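Chain by chain, the residues run as shown.
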Amino acid sequence: IILKNSIIKLEWDSNFFGYNVGKIVISDPKYFNKLEFQSEIENYNLIYVYSKHEVNINGFKLVDEKVTFSQNLSNLKNIGNEFDKEIRIFNENQDQLNDLKELAIESGVYSRFNIDKNFSNNEFQKLYNEWILNSLSKKNVFNVFVCLNDDKKIIGFITVGEKTKNTSLIGLIAVKKEARGMGVAKQLILKAIQESIKKNYKEMEVITQEDNLAAMELYKKTNFQIKNKINIYHFWNL
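Residues numbered from 1 in each chain as written. Predicted model: local features only at pLDDT ≥ 70, side-chain atom pairs only at ≥ 80, totals over all residues. Heavy atoms only, no water.

1. A word on the packing of helix α3 (residues 97-107) against helix α5 (residues 123-136)
Test applied: Inter-axis angles, ranging from 0 to 180 degrees, are taken between N-to-C directions of lines fitted to C-alpha atoms, where helices are fitted over the stretch in contact. Helix and strand labels come from DSSP, where a helix needs a run of H or I of at least four residues and a strand needs a run of E of at least two; each type is numbered from the N terminus. Relative orientations are named as follows: roughly parallel for angles under 35 degrees, roughly antiparallel for angles over 145 degrees, roughly perpendicular for angles from 65 to 115 degrees, and oblique for any other angle. Less than a right angle of anticlockwise turn of the near helix away from the far helix marks a crossing as left-handed, whereas a clockwise turn marks it as right-handed. What makes two residues a contact is simply this: any of their non-hydrogen atoms within 4.5 Å.
The geometry of α3 relative to α5 is characterised by a closest axis approach of 9 Å and an angle of 125° between their N-to-C directions. As summarised for this structure, α3 and α5 are arranged oblique, according to the angle between their axes. The hand of the α3/α5 crossing is right-handed. Residues L97, L100, K101, A104, I105 and S107 of α3 lie in contact with α5, whose contacting residues are F124, Q125, Y128, N129, I132, L133 and L136.

2. Brief notes about the pattern of salt bridges
Convention followed: Salt bridge, as used here: a side-chain nitrogen of Lys or Arg that lies within 4 Å of a carboxyl oxygen of Asp or Glu. Whether a residue is buried, partly exposed or exposed follows from its accessible area with a 1.4 Å probe, protein chains only, as a fraction of its type maximum: under 20%, in between, or over 50%, in that order.
Scanning the model with the defined rule gives 10 salt bridges in all. Here K152 and E86 are joined by a salt bridge, their closest N and O atoms 2.5 Å apart. Here K152, found in the loop between β6 (143-148) and β7 (154-164), pairs with E86, found in strand β5 (residues 86-89); they are 66 residues apart in sequence, far enough to count as distant. Relative accessible area serves as the criterion here: at 48%, K152 is assigned to the partly exposed category. Judged by its relative accessible area of 31%, E86 falls in the partly exposed class. Salt-bridge contacts for K227 lead to E203; the nearest nitrogen and oxygen are separated by 3.3 Å. One end of the pair, K227, is in strand β10 (residues 225-236); the other, E203, is in strand β9 (residues 203-209), with 24 residues separating them in the sequence. A residue is classified by how much of its surface remains accessible, and E203, at 21% relative accessible area, is partly exposed.

3. Quick word on the side chain of N231
Heads up, the rule is: Nitrogen and oxygen atoms within 3.5 Å of one another constitute a polar contact, given that in protein one can donate a hydrogen and the other can accept it, and given that sequence-neighbouring residues count only through two side-chain atoms.
Summarising the element assignment, N231 is placed in strand β10. Engagement of the side chain of N231 in a polar contact is seen with the backbone oxygen of H53, the distance being 3.2 Å. Residues within four places of N231 in sequence aside, it is in contact with V49, Y50, S51, K52, H53, E54, L62, D64 and E65.

Written out as structure tokens, the structure reads:
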């Protein structure tokens, strides 16, 4: 049930995009109060609407069916000797940052910030560019791993961070088009698992979009299980 002031202002998103962004969670669409919602949105340009249920309300555009996968690491032994590719931590003195930025954009093609064409100020590119730069500065991850080809060029990357004390989180992962089908993504995930076990995490999570069939298949093949799903809608107050 929507209560007064139930839209939460997202300060980071608002500052980053340059207009007011809010978030609301609808636990049961049956009790959604449209009038109350309308009275609250006047200060916002964009509202993210989260619901486990389907929400058929005029103006709410479904932009993401977000799937969280998890894997129990407690009983896994340290993974080793499974890599036929060179995978190491990104090195700014040896690796090209632009290659990483391009792959970061590639990693977000199914992102709601790319899917929703109401974003018209390059928000998607800016967001993923910021995400990878923050990752490299260790603001939200503990490592950025890259996979290299024989010419020492980056053909894939993965970021690994902490969600909670016991849970690590894969943030971004992408592989160059010409290197797909060679097992690069699987080995990057194994590297992330290996690193998480070393740091004594008991669980690992990764989030993707249900429409991203390749990612869904990849996580299932690497022993992740679906933990939960949530629908995300965008409401633009244009």
